[in-house]
Amino acid sequence: QVQLVESGGGLVQAGGSLRLACAASGSIFSINRMGWYRQAPGKQRELVAAITSSGSTNYADFVKGRFTISMDNAKNTVYLQMNSLKPEDTAVYYCKALVEKVTGGPTFNYWGQGTQVTVSS
């Protein structure tokens with residue numbers, strides 16, 4: 001099995017910063033892509049940012065210039081540096097990984113349990 005464990009969420013004032021981390025462990029040959037999603041109450045889960053193992057990134061428009069995603073391939077860990085936080089960034093943030101469990105085998109998506117980010121005004 002594969003487990004994703006997020007950390008780094010919490011309560012911060014508007015304009016502040018937080019750094020989220022997500023570590024993957026278990027039956028992993030390689031991780032092709034990792035990403036951060038978020039879900040606010042009453043809203044659908046949405047992509048925040050994603051990164052491939054080669055370092056290509058993409059961001060949702062609403063976080064461009066404020067958030068930075070990075071990945072440590074050796075540690076199977078992805079990070080999300082969040083700056084200039086706004087109250088509308090309040091949500092549960094989830095990590096997702098696209099995992100290859102054996103060389104040349106199929107890939108599978110796994111999700112973390114989520115970490116709460118609350119931004120006060």
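Note that the coordinates shown come from a computational prediction; the quantities given were computed from them, not determined experimentally. Every chain begins its residue count from 1, and numbering advances along the sequence as written. Per-residue local features are limited, in this predicted model, to residues with pLDDT of at least 70; the limit for side-chain atom pairs, both in listing and counting, is 80 or more; totals at the level of whole chains, interfaces and linings are taken over all residues. For side-chain calculations, the full set of non-hydrogen atoms in the structure is used, while hydrogens and water are omitted.

1. Quick notes on the side chain of Lys96
Going by this rule: Every helix listed is a DSSP run of H or I at least four residues long, and every strand listed is a run of E at least two residues long, numbered separately from the N terminus. Only protein chains enter the accessibility calculation, which uses a 1.4 Å probe; a residue whose area is less than 20% of its type maximum is buried, one above 50% is exposed, and one in between is partly exposed. His residues and chain termini do not enter the charge count, which takes Lys and Arg as positive and Asp and Glu as negative. For this document, the term salt bridge refers to a Lys or Arg side-chain nitrogen within 4 Å of an Asp or Glu carboxyl oxygen. Contacts are assigned to residue pairs with any non-hydrogen atoms lying within 4.5 Å of each other.
Residue placement: Lys96 occurs in strand β9 (residues 91-100). Comment: no salt bridge for buried Lys96; closest opposite-charge side chain is Glu6, at 12 Å. The residues contacting Lys96, other than those within four sequence positions of it, are Leu4, Arg33, Met34, Gly35, Tyr37, Asn109, Tyr110 and Trp111.

2. With respect to the environment of Asp61
With respect to the helices and strands, Asp61 occurs in the loop between β6 (57-59) and β7 (67-72). Once the C-alpha coordinates of Asp61 and Leu98 are considered, the two residues, 37 residues apart in sequence, prove to be 22 Å apart.

3. So, the state of the cysteines
A covalent bond between the sulfur atoms of two cysteines is referred to as a disulfide. What counts, and what does not: Throughout, a disulfide means two cysteine sulfur atoms within 2.5 Å of one another.
Scanning all chains against the criterion turns up 1 disulfide. The disulfide partner of Cys22 is Cys95, and the gap between their sulfur atoms is 2.1 Å. Taking the torsion about the sulfur-sulfur bond, which here is approximately -80 degrees, the covalent link between Cys22 and Cys95 counts as left-handed. Of this pair, Cys22 sits in strand β3 (residues 18-26) while Cys95 is found in strand β9, placing the two residues 73 residues apart along the sequence.

4. Quick word on the packing of aromatic side chains
So the rule is basically this: Aromatic pairs are defined between Phe, Tyr and Trp rings, using the six-membered ring for Trp, whenever the two ring centres lie within 6.5 Å; interplanar angles under 30 degrees are classed as stacked, those over 60 as edge-to-face, and all others as tilted. In our convention, an over-ring charge means Lys NZ or Arg CZ found within 6 Å of a ring centre and within 35 degrees of that ring's normal.
For the structure shown, the criterion picks out 1 aromatic pair. Between Tyr37 and Trp111, the aromatic rings sit 5.0 Å apart at their centres with planes inclined by 65 degrees, giving edge-to-face as the arrangement. Separated by 74 residues along the polypeptide, Tyr37 in strand β4 (residues 30-39) and Trp111 in strand β10 (residues 107-111) bring together distant segments of the chain. Taking relative accessible area as the criterion, Tyr37 reaches 13% and is therefore assigned buried. For Trp111, a relative accessible area of 37% corresponds to the partly exposed category. Its end group placed over the ring of Tyr79, Arg19 keeps NZ or CZ at 4.1 Å from the ring centre. The residue whose ring lies beneath Arg45 is Trp111, and the NZ or CZ to ring-centre distance is 4.6 Å.

5. Details of the nonpolar core
The tendency in soluble globular proteins is for nonpolar side chains to be buried side by side. Defined as follows: Throughout, nonpolar core names a set of buried Ala, Val, Leu, Ile, Met, Phe, Trp, Tyr and Cys residues whose side chains join them through atoms within 4.5 Å.
Ranked by size, the top nonpolar core spans 32 residues in total, and within it Met34, Trp36, Leu80, Met82 and Tyr93 carry the most contacts. Those elements that provide at least two residues to this core are β1 (2-7), β3, β4, β5 (46-52), β7, β8 (77-82), β9 and β11 (115-120). Element by element, the count of residues in this core is highest for β9, at 5 residues. Beyond its immediate stretch of four places on either side in the chain, Tyr93 contacts Glu6, Leu20, Trp36, Tyr37, Arg38, Val48, Phe67, Leu80, Met82, Gly114, Thr115 and Val117.

6. Comments concerning unusual backbone geometry
Backbone geometry places Asn76, a non-glycine residue, at a positive phi of 50 degrees. Examined against the element boundaries, Asn76 turns out to sit in the loop between β7 and β8.

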